[in-house]
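A structural walkthrough
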Amino acid sequence: MTLQLPSSKQLDKSKQANPWDFGNKVLYDLCRDNFSHRQDEKILAKVWLIGRAYSVAIERRRNKSDINDNFYIDKVAPTFRKSNLDDHIHKLKQIKKLTVDNIQQVLESHMYLTTIVSKITDLEKRSFSSKYLHFHLPELFFIYDTRAVTAMRNFISRVPKQFDDMTKTRNVDNEYAKFFCKCFDLKTRIEKHFGTTITNRQLDNILIEIANNNKASVNFQR
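Quick caveat, the model's predicted, so the values are computed rather than measured.

1. Things to note about the nonpolar core
In this structure, Val47, Ile58, Phe80, Phe142 and Phe179 are the most contacted members of the largest nonpolar core, which totals 62 residues. Examining the composition of this core, we find that nine residues originate from one element, helix H10 (residues 174-194), more than from any other. Beyond its immediate sequence surroundings of up to four residues, valine 47 is in contact with Ile58, Tyr72, Val76, Phe80, Phe128 and Tyr132.

2. Observations concerning the environment of leucine 44
Relative to the helices and strands, leucine 44 resides in helix H3 (residues 40-53). Considering only alpha carbons, one finds leucine 44 and leucine 3, 41 residues apart in sequence, at a separation of 41 Å.

3. Focus: the packing of aromatic side chains
By the definition in use, this model includes ten aromatic pairs. Judged by centre distance (4.6 Å) and plane angle (45°), the rings of tyrosine 28 and phenylalanine 135 are tilted. Taken together, the residues tyrosine 28 in helix H2 (residues 21-33) and phenylalanine 135 in helix H7 (residues 126-136) connect sequence positions 107 residues apart. Phenylalanine 135 shares its class with tyrosine 28; the two are buried. Both rings, one in tyrosine 54 and one in phenylalanine 135, keep their centres 5.3 Å apart while their planes meet at 65°; by these two values the pair is edge-to-face. With tyrosine 54 in the loop between H3 and helix H4 (68-82) and phenylalanine 135 in helix H7, this pair connects stretches of sequence that are 81 residues apart. Since its relative accessible area comes to 1%, phenylalanine 135 is described here as buried. Taken together, the ring pairs in this structure connect Phe142, Tyr144, Tyr176, Phe179 and Phe180 into an aromatic cluster. Sitting over the ring of phenylalanine 35, lysine 93 keeps its end group 4.4 Å from the ring centre.

4. Focus on unusual backbone geometry
The phi torsion at serine 55 lies on the positive side, around 55°, for a residue other than glycine. The residue serine 55 is located in the loop between H3 and H4 in this model. Judged by relative accessible area, serine 55 falls into the exposed class, the value being 53%. With phi around 60°, aspartate 122 is a residue other than glycine that occupies positive phi space.

5. What about the environment of threonine 79?
Take threonine 79: it is sitting in helix H4. With 83 residues separating them along the chain, threonine 79 and glutamine 162 place their C-alpha atoms 36 Å apart. Residue contacts for threonine 79: discarding those within four places in its chain leaves Ile116 and Ile120.

6. Description of the packing of H2 against H3
Packing of H2 against H3 leaves a shortest axis separation of 11 Å and a crossing angle of 155°. Comparing their axes, H3 and H2 come out roughly antiparallel. For H2 against H3, the interelement crossing comes out left-handed. Along its contact with H2, which presents Leu27, Leu30 and Cys31, the element H3 presents Ala45, Lys46, Leu49, Ile50 and Ala53. Taken together, the residues of the contact of H2 with H3 break down into seven nonpolar, no polar and one charged.

7. Digging into the state of the cysteines
Across all of its chains, the model carries zero disulfides by this definition. Here cysteine 31 is not disulfide-linked; the sulfur of cysteine 183 is the nearest cysteine sulfur, at 20 Å. A residue is classified by how much of its surface remains accessible, and cysteine 31, at 0% relative accessible area, is buried. Cysteine cysteine 181 shares no disulfide, and the gap to the nearest cysteine sulfur, in cysteine 183, comes to 9.3 Å. Residue classification places cysteine 181 among the buried positions, given a relative accessible area of 0%.

8. Considerations on the environment of aspartate 69
Position of aspartate 69 among the secondary structure elements: in helix H4. When its relative accessible area of 55% is taken as the criterion, aspartate 69 is described as exposed.

Rules of the game
Residues numbered from 1 in each chain as written. Predicted model: local features only at pLDDT ≥ 70, side-chain atom pairs only at ≥ 80, totals over all residues. Heavy atoms only, no water. Core = buried A, V, L, I, M, F, W, Y, C linked by side-chain atoms within 4.5 Å. Buried < 20%, exposed > 50% of the residue type's maximum accessible area, 1.4 Å probe, protein only. Helix = DSSP H or I, 4+ residues; strand = E, 2+ residues; numbered from the N terminus. Contact = heavy atoms within 4.5 Å. Phe/Tyr/Trp six-rings, centres within 6.5 Å; stacked < 30°, edge-to-face > 60°. Lys NZ or Arg CZ within 6 Å of the ring centre and 35° of its normal. Axes fitted to C-alpha atoms, helices over the stretch in contact; angles between N-to-C directions. Parallel < 35°, antiparallel > 145°, perpendicular 65-115°, else oblique. Left-handed = near helix turned anticlockwise from the far one by under 90°. Nonpolar A, V, L, I, M, F, W, Y, C, P; charged D, E, K, R; others polar. Disulfide = S-S within 2.5 Å.

The structure is reproduced here in structure tokens:
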């Protein structure tokens, strides 16, 4: 199993301010100030803005039988409002630090949101769910998308054995669980090696920087 670490230069860059920080702060503030899912207009604002900003718009669905505005109002808002999502995230909000002992609870909440969204879209929305939950609980959820998954292979090729059972339980999304455990392991090793803390956002900065550089390199070679 490949086990690498980012360079100190990559780590330093991940902690520096970048032009996207302000926009991300708007989304973090929106979710912090409107944490629960009781009012349709607040649900719609969060789902719409996060989905569009992060290329995981929830209106992308298998059977598009109604226009997007009606879908948001008639399906999305009631689904979130009537769900038990608030039970999950309010319990998670009490967690002060992500540890091996609470990973299962975090993964089960991601699976819950993925499941209820799947019922109205007929698609697996694991990326949407990870990003939506990240903006509500940024220190608990890692951001999943194909670029980050690919970039992770620079550091770790398979899930560490200690997490094997955790990724295979019935109540988690296997693909997200594997990525999540790799992120947790890499973050832990970075903090131990460099003697510094790193946020989930900063880890994502490293992965996306690698993904962007790899894409630029491929395009240049073409």
